[in-house]
Amino acid sequence: MATIEVPDTGYYEYLPLVLKQYLDSRLPSDVVVATQVPKEIPPRLVTLLSVPSGGTGPSLALSQRRCIIQCRDRSEILTGRLAEKVRGYLVDAIRLPGNGIRDVTVIGEPAIFLDPDDPSNAPRAQLTVDILLRATFAQ
Amino acid sequence: MAKAYNIKFHAEAWDELVTGVVQKWAVPRAEEIADACNEHVLAEAAKSLQEPESDDSATVYRTNADRVRADMAKARARANRRISHIEPPEGKRDYMVSVEGSNPLNLKDYRATVIAVTDRAKIDNARSNTLVQNFHLASGGD
């Protein structure tokens, strides 16, 4: 992650970026992880959308963030399996030191959630996670 | 010598307590979510009125399949736009708060939920994740 100037009071890295870097290191190389749906949709795609979360974390250094994750693959079953894989890797994320992820709560379990604007009804699975993030402080 | 005691819960009073808590604390919070979601549906419907239908008469499609896909997308968009102007039935709203639980109550049974009632609300939620986007409003503002 690029080094940036951070305020003394702490800086929380943008959650979709944190998750993108983590998932990129775990998922197969043909799965595209993006923060927005690209114009040309690749066959295997995971998109990360940051949404508002309620209360703050238990301390100055910890804060809660919420993220909606949508997965697409070639068929309904593959899509469902990709979403479950993503879920598993995310729950496992707290074991990897240095990524800033301190806790993961899956508040919306993976399920098929079709896009009403997609005329082909291409399968799309969705899960929602709450992540407790650790802030970075100025050295 | 040890004595055995039986503790009996007053089940009806317990149910009344849980019901009271849900009605007093959970329902107003769920109403906040529903209000925000309803505002979103109306705003989206108003926005779709201002958007002209896309004109692709000059578009050249490489294959017939591309043309069929584009036509299907247009038909879907037209249908969604039409649905977005169908008002909810009398006495209903697009997103509503529902309170439910069996009788007698089981653990975690009695709850307040926000539900998408109308088709346009269901489409709106699938398109924009409106319920999850507004879920933080249930935190009570603290």
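Shown above is the structure to which this text applies.
In this text, all values refer to a predicted model and were calculated from it rather than measured experimentally.

Conventions we followed
- Residues numbered from 1 in each chain as written.
- Chains lettered and ligands numbered in written order.
- Predicted model: local features only at pLDDT ≥ 70, side-chain atom pairs only at ≥ 80, totals over all residues.
- Heavy atoms only, no water.
- Helix = DSSP H or I, 4+ residues; strand = E, 2+ residues; numbered from the N terminus.
- Rg over C-alpha atoms; globule rule 2.2 N^0.38 Å.
- Core = buried A, V, L, I, M, F, W, Y, C linked by side-chain atoms within 4.5 Å.
- Buried < 20%, exposed > 50% of the residue type's maximum accessible area, 1.4 Å probe, protein only.
- Contact = heavy atoms within 4.5 Å.
- Salt bridge = Lys/Arg side-chain N within 4 Å of Asp/Glu carboxyl O.
- Axes fitted to C-alpha atoms, helices over the stretch in contact; angles between N-to-C directions.
- Parallel < 35°, antiparallel > 145°, perpendicular 65-115°, else oblique.
- Nonpolar A, V, L, I, M, F, W, Y, C, P; charged D, E, K, R; others polar.
- Buried area = accessible area lost by both parts, 1.4 Å probe.
- Polar contact = N/O pair within 3.5 Å; in protein donor to acceptor, adjacent residues only side chain to side chain.
- Pairing = 2+ DSSP bridges.
- Expected span 1.5 Å × (residues − 1).
- Arc of directions from axis to C-beta.

Student: Whenever I open this one, the overall build of chain B confuses me. Can you help?
Tutor: Of regular secondary structure, chain B possesses four helices and two strands. Starting at the N terminus and walking to the C terminus, you meet the elements of chain B as α-α-β-β-α-α. Computed over C-alpha atoms, the radius of gyration of chain B comes to 24 Å, more than 25% over the 14 Å expected from 2.2 N^0.38 for 142 residues, which places it beyond the range of a compact globule. Across its three principal axes, chain B shows a C-alpha extent of roughly 95 × 30 × 30 Å.

Student: It is not clear to me how the nonpolar core should be interpreted in this structure. Could you clarify?
Tutor: Across soluble globular proteins, nonpolar side chains have a tendency to be buried as a group. Among the nonpolar cores identified, the biggest contains 28 residues, and L23(A), V46(A), I69(A), V86(A) and L90(A) are the most heavily contacted of them. If you list the elements that add at least two residues to this core, you get α1 (15-26), β2 (45-51), β3 (62-72), α2 (76-91), β4 (101-112) and β5 (125-134) of chain A. Those residues in contact with L90(A) that lie beyond four places of it in its chain are L19(A), Y22(A), L23(A), I69(A), V104(A) and V129(A). Membership of the second largest hydrophobic core comes to eleven residues, among which are I33(B), C37(B), V41(B) and Y95(B).

Student: How do you make sense of the pattern of salt bridges when you look at a structure like this?
Tutor: A side chain of one charge can pair with a side chain of the opposite charge when the charged atoms of the two come close. Residues and elements named next belong to chain A. Evaluation of the coordinates by the stated rule reveals 15 salt bridges over all chains. Of the charged contacts, one joins R44 and D73 as a salt bridge, the two residues approaching to 2.9 Å between their closest N and O atoms. Separated by 29 residues along the polypeptide, R44 in the loop between β1 (32-34) and β2 and D73 in the loop between β3 and α2 bring together distant segments of the chain. The same class applies to R44 and to D73, which are both buried. Counted as one network, the salt bridges with shared partners bring together D30, R44, D73 and R74.

Student: Is there a simple way to explain the packing of helix α1 (residues 11-50) of chain B against helix α3 (residues 119-128) of chain B in this structure?
Tutor: Relative placement of two packed helices is described by the angle separating their axes and the distance separating the axes. All names here are of chain B. Relative to each other, α1 and α3 sit at 90°, their axes nearing to 10 Å. Taken together, the axes of α1 and α3 are roughly perpendicular relative to one another. Between α1 and α3, the residues in contact are C37, H40, V41, L42, E44 and A45 and R120, A121, D124 and S128, respectively. Residue classes in the contact of α1 with α3 are distributed as five nonpolar, two polar and three charged.

Student: Would you mind showing me how to read the interface of chain B and chain A here?
Tutor: Many descriptions give the size of an interface as the accessible area lost when the pieces come together. Counting from both sides, the interface comprises 15 residues of chain B and, opposite them, 20 residues of chain A. Summing both sides of the interface, chain B and chain A together bury roughly 1400 Å²; the carbon and sulfur share of this comes to 56%. When the buried area of chain B at its contact with chain A is split by residue, R76(B), N129(B) and V132(B) rank highest and sum to 36% of it. Of the charged contacts in the structure, one is a salt bridge between D117(A) and R127(B), with a shortest N-O distance of 2.7 Å. On the surface where chain B and chain A come into contact, there are three residue pairs in polar contact (both at pLDDT 80 or more). Counting residues per element, the ones that place at least two in the side of chain B that touches chain A are α2 (64-83), α3 and α4 (130-134) of chain B. Counting residues per element, the side of chain B that touches chain A draws most heavily on α2(B), at five residues. For the side of chain B that touches chain A, the per-class residue count stands at six nonpolar, six polar and three charged.

Student: Explain the pairing of β3(A) to me, please; I cannot follow it from the model alone.
Tutor: Every other side chain in a regular strand lies on the same face of the sheet, so the side chains alternate between the two faces. Residue and element names in this part refer to chain A. With nine of its eleven residues buried, β3 lies for the most part within the structure. Examined bridge by bridge, β2 and β3 share seven bridges and lie antiparallel to one another. Counted as the bridge partner of V46 is C71 from β3. Of the strand pairs in this sheet, β3 and β5 are connected by ten bridges, and their pairing is antiparallel. Bridge pairing links I68 to T128 in β5.

Student: It is not clear to me how α2(A) should be interpreted in this structure. Could you clarify?
Tutor: Structural remark: α-helix, 3.6 residues per turn; residues separated by three or four positions point the same way. All names here are of chain A. Taking 1.5 Å per residue, 16 residues should reach 22 Å; α2 reaches 23 Å between its end C-alpha atoms and fits that length. When α2 is considered as a whole, its buried residues turn out to be T79, L82, A83, V86 and L90. Along α2, the residues classed as buried sweep out an arc of 100° about the axis, all on the same side. The exposed set on the far side of α2, more than 90 degrees from its buried face, consists of I77 and R81. Where α2 is buried, its residues meet α1, β2, β3, β4 and β5.

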